[in-house]
Amino acid sequence: MTERIVNDFSITVGTVNGSGSSTANTTILRALFKMGIPVSGKNLFPSNIQGLPTWYTIRVSKDGYLARRDEREIVIAINPNSFAKDLDSVAPGGAFFYADDIKLAVTRTDIAVYPMPIKSLVKSNPEITANLRDLVSNMVYVGVLAQMIGMDMTKIEQALDFHFKHKAKPIALNMSMVKAGAEWAAANLEKKDPFYVESMNKTDGMIMADGNMAGALGSIYGGVQFVGWYPITPATSLAESINDYLPTLRKTVDGKETYAVVQSEDELAAIGMAIGAGWAGLRAMTSTSGPGLSLMTEFYGLAYYTEVPVVVWDVQRMGPSTGLPTRTSQGDLGFAAHMGHGDTNHIILMPGSVNECFEFGWRAFDVAERMQAPVLVMSDLDFGMNQWMTEPFKYPDVPMDRGKVLWEVDLEKIKGDWGRYVDKDGDGIPYRTIPGNRHPNSAYFTRGTGHDEMARYSEDTQTWVRVLDRIKRKYETAKKYLPGPVTHKQDGAKIGVISFGSTDPAILEAQQMLAGKGLKVDYMRLRSLPSQDEVFEFIGSHERVYIVEMNRDGHLREILMVEKPELATKMSSIAYNDGLPLTAKFVANAILKLEEK
Amino acid sequence: MSDSLPMAGANVQVNAAGLSKADYRGAPSTLCVGCGHNSIANQIVSVCYEMNIVPENILKFSGIGCSSKSPTYFLNRTFGFNGLHGRMPSVATGALFGDRSMRGLGVSGDGDSASIGMGQFKHVMRRNVNMVYIVENNGVYGLTKGQFSATADKGLELKKQGTNMYLPVDICMEALASRATFIARLFAGNAKQVKEVLKAAMAHRGIAVIDIISPCVTFNNQENTYYSYDFGKANEEMMHEVSFQQADPSFHQGSEGSSISYIPPKPEIMLEADMIEGEIREVKLHDGSSIQLKNLEKGYNPTNRMEAMRVLEEAQENNWLLTGIIYIDPSKPALTELSNLVDTPLNRLTEKDLRPAPETMAKINSLMF
Ligand SMILES: Cc1ncc(C[n+]2csc(CCOP(=O)(O)OP(=O)(O)O)c2C)c(N)n1
Ligand code: SF4
Ligand SMILES: [Mg+2]
């Protein structure tokens, strides 16, 4: 047999959507994680609830690389409809596990092949009644795989314990099938492939979470008080997680609530409510995806011009209407950066890890209230709906920033002498009062119609220009309050890569791959827009910069080129989006190819 | 704001809140003279004054349209949000969570509520948001210069639009179907009734929908009458000059048309004598047409949904403009009462109320696997 390959391969499970395989797959993922091995798991699934082929890929990486890989060393085939394709996809020298009730020919000889008697093992367990069979049958492949690659049974049990929230009965039932699979494999299968896992300590202190849960928790630690939302994949679980955690995390002594969550009739109403609440002094938010964001644009422009703080989460997917709702994307950026009625530009936070989804969850409110502006947090399906290993969430390290607000006592001090849109401090940020303020000078009228510094109706052209220029100044000030870029340098690199969001793991890995081939690159990950000077200094100080993003047209590059046209010739675009998370290999090859030119 | 406050001097009459009528006024109206919307704004001022309402305890809302401009013409000391076309309800829904002791007062139009905003209109009812929701209903889009609205009668003829082919939406029926807890229909020219019903609406908890027929003197008229759009058009040039010299409020400012056209001043249509219960009275409008007002019968029980539906149907069949409180259910909790909110207004809560304690962080992380 060839040399053992330990903790460095990918596993793909081909199943049927809605067949309950997700419990089995996350169990494998979590058990590996608990063994101390860096892992990432991604659901590559169709948008129906039940019936179509779906794949789950797990990457096991001793070096800690979390990006998706195309190569499939181990494939587990449960779905007859994707059997041929799955068989085909196994890397040479790989392993193929399949349910032996699929009566199709296994034609390959360059891989190890393991049939699994899933149905008969389930049937032979007297404790499993007919109606439970389908639910637990997936656990058989967990057991067979565990036996064949050397997974720790106690870790599998821990994973099930977590999944079933410590409920003894389902844990025991599922565990019995895992064990049945493992025992059968021990007695009947001969190891013919080189893939093994062994315990490490590389996940110590890390947690596993998805980005929507992280964003939800971050929002709660940011003191969210109002959520208006409308269901849409892949954003739904963000609002739902807020709903789940608010009651425990924000319990008051008398059991009363300090927040309100309203599922609205559509996205127009979701953002309308959030803007109303933000105007009325609440930390308000909504969450959606591309189609919903399109509906929100008119309100978004209104919030920009009336200067109302509100946070909007865009968990990106592909396309209009249904598009490809279960595929990931960064395709909203170009449109979102200016969405609204026109002459608008927006503050965007771009988390690059699940941990940052948490951090930007609370930070977004500080920025929105400080800037009196809508703030868009751009996540995507890959973060939002997949489990990631990540640093534990860190408690906010700065007090809440409620921005420039005048209450009764403040107005008393200045004898009521203020104007809603007066730039008193010269930073473009005016002072605001909040409805409910009972001072007789507190009120003002908020309107999308032209208004002057005193919030009075005005159609005077110069007033319009003045107000809009002041808002632009405000967005200059914003840069100071936004999270700056993160840079990974390599000594002597002459070329650079710029990216944002969930492409981060692929690029970090590509950077190592390229270094292995003798090409040094510096990598800068943007975390917000509008961009700080640092970003342009980075571009200016490199011969060429590749801007990598998951969309067709290279939106980030367009934005940066428009911002600094004099640097435009240095910026090359690597933009690609097929709905799957980027792989390091793709990024490295794309850069190498462009470098050859 | 820094505009000095009207001081209640020794000889200025004040109400029980210690405020004079001036404390309830708004900016001068920029709507056409004679527009029904103006008289409604005036009634709002009187009602709030007479009810001793502290202006800071109200929140004003509107959508987009001539009607939706009116919140600037009353209650200067009240916060207001003139939002998007058809989207007043959502803004109000969110805003009223800020401090639930406040009552919302919204003004919308028939276009704003029955066309673009129909969805939000219906959902704000079923949520029983704590606001008075006035629809200033003129059967046209005033601000965009005279297109049919969804409440326009079938067969109505308008200058550029031709004849309306579609059946009208009945605002009160929609409100009833959507389970509004207070529904009234009024005629802007019946000042006394407008005032009375407005007071009842202000006192109601939850949503109070008032469909106020408010004639558009400029666009809902016929081609050949003296008070017509054509007349204004024909005289446009000369009148423009006047507009630049004296900001005459009879110039329709801020319309969504290409130019400011002169609108000949017309007196608002007002009833000469009060109507009694059950009375049917014909009222002539500016364009020479007339409407039949009918007061609800004495003894009508407005707490019965079936009855409400019946009288609305009956009014439709007979072409009556039925006025009065059609339905009321004071027992339903308003949206902000449905949630079990803390006593302190949400917008007065601070970091210590809003940010979970540092100890919780480790626990949360341990829950993540
Ligand atoms: C999204 C959007 N679409 C269209 C318009 C143009 N618009 C302004 S007011 C209006 C109609 C208003 O009609 P109504 O609500 O009946 O008010 P009225 O002027 O008759 O009082 C329209 C279509 C707009 N401002 N916004
Ligand atoms: S156009 Fe009609 S609705 Fe608009 S202000 Fe004039 S009269 Fe009123
Ligand atoms: Mg109208």
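Residues numbered from 1 in each chain as written. Chains lettered and ligands numbered in written order. Predicted model: local features only at pLDDT ≥ 70, side-chain atom pairs only at ≥ 80, totals over all residues. Heavy atoms only, no water.

A. Summary view of the sheet that holds strand 21 (residues 495-500) of chain A. Residues and elements named next belong to chain A. Taken in spatial order, the 5 strands make up an open sheet running 20-22-21-24-25, and their pairing is mixed. Of all strands in the sheet, those bounded by a partner on one side alone are strand 20 (486-488) and strand 25 (571-575). This sheet shows a mean twist of 20° between the axes of neighbouring strands, independent of strand direction. Relative to strand 24 (residues 544-549), strand 21 is paired through 4 bridges, and the arrangement is parallel. Each residue of the ladder has a partner; that of Ile495, found in strand 24, is Arg544. Running at roughly 175° to strand 22 (residues 521-526), helix 16 (residues 504-516) makes contact with strand 20, strand 21, strand 22 and strand 24 of the sheet. (Pairing = 2+ DSSP bridges. Helix = DSSP H or I, 4+ residues; strand = E, 2+ residues; numbered from the N terminus. Axes fitted to C-alpha atoms, helices over the stretch in contact; angles between N-to-C directions. Contact = heavy atoms within 4.5 Å.)

B. Spotlight on the site of ligand 1. Near ligand 1 there are 19 residues, and of these B:Cys66, B:Ser67, B:Asp110, B:Gly111 and B:Asp112 occur at the shortest range. The environment of ligand 1 is shared, with nearby residues belonging to chains A and B. At 2.6 Å, a side-chain N or O of B:Asp110 approaches an oxygen atom of ligand 1. One nitrogen or oxygen atom from the main chain of B:Val140 is found 2.9 Å from an oxygen atom belonging to ligand 1. Expressed as a share of its isolated accessible area of 590 Å², the protein-covered part of ligand 1 is 82%. Within the residue set of the shell around ligand 1, elements represented by two or more residues are helix 2 (66-69), helix 4 (110-114) and strand 5 (140-141) of chain B. Broken down by element, the residue count for the shell around ligand 1 peaks at 3 residues, all from helix 4 of chain B. In the shell around ligand 1, the residues fall into 6 nonpolar, 9 polar and 4 charged. (Near = heavy atom within 4 Å. Polar contact = N/O pair within 3.5 Å; in protein donor to acceptor, adjacent residues only side chain to side chain. Areas by Shrake-Rupley, 256 points an atom, 1.4 Å probe, with all protein chains shown as cover. Nonpolar A, V, L, I, M, F, W, Y, C, P; charged D, E, K, R; others polar.)

C. Summary view of the site of ligand 2. Around ligand 2, the structure places 11 residues, and the nearest of them are B:Cys32, B:Cys35, B:Cys66, B:Asn138 and B:Cys216. Looking at the shell around ligand 2 residue by residue, the class counts come to 7 nonpolar, 4 polar and no charged.

D. Structural detail: the coordination of the magnesium ion (ligand 3). Residue and element names in this part refer to chain B. Surrounding the magnesium ion (ligand 3) are the protein donor atoms Asp110 (OD), Asn138 (OD1) and Val140 (O), which sit 2.0 to 2.1 Å from the metal. All donors of the magnesium ion (ligand 3) come from a single chain, and their spacing in sequence reads D-x27-N-x1-V. The exposure classification of Asn138 matches that of Val140, with both residues buried. (Donors = N, O, S within 2.8 Å, 3.2 Å for Na, K, Ca; no water. Buried < 20%, exposed > 50% of the residue type's maximum accessible area, 1.4 Å probe, protein only.)

E. A look at the side chain of B:Asn15. Residues and elements named next belong to chain B. Of note, Asn15 is situated in the segment before helix 1 (36-50). Within polar-contact distance, the side chain of Asn15 engages the backbone nitrogen of Ala17 at 3.0 Å. At 2.9 Å, the side chain of Asn15 forms a polar contact with the side chain of Tyr24. Residue contacts for Asn15: discarding those within four places in its chain leaves Tyr24, Cys48, Tyr49 and Asn52.

Fair warning: the whole summary comes from geometry, so function is off the table for now.
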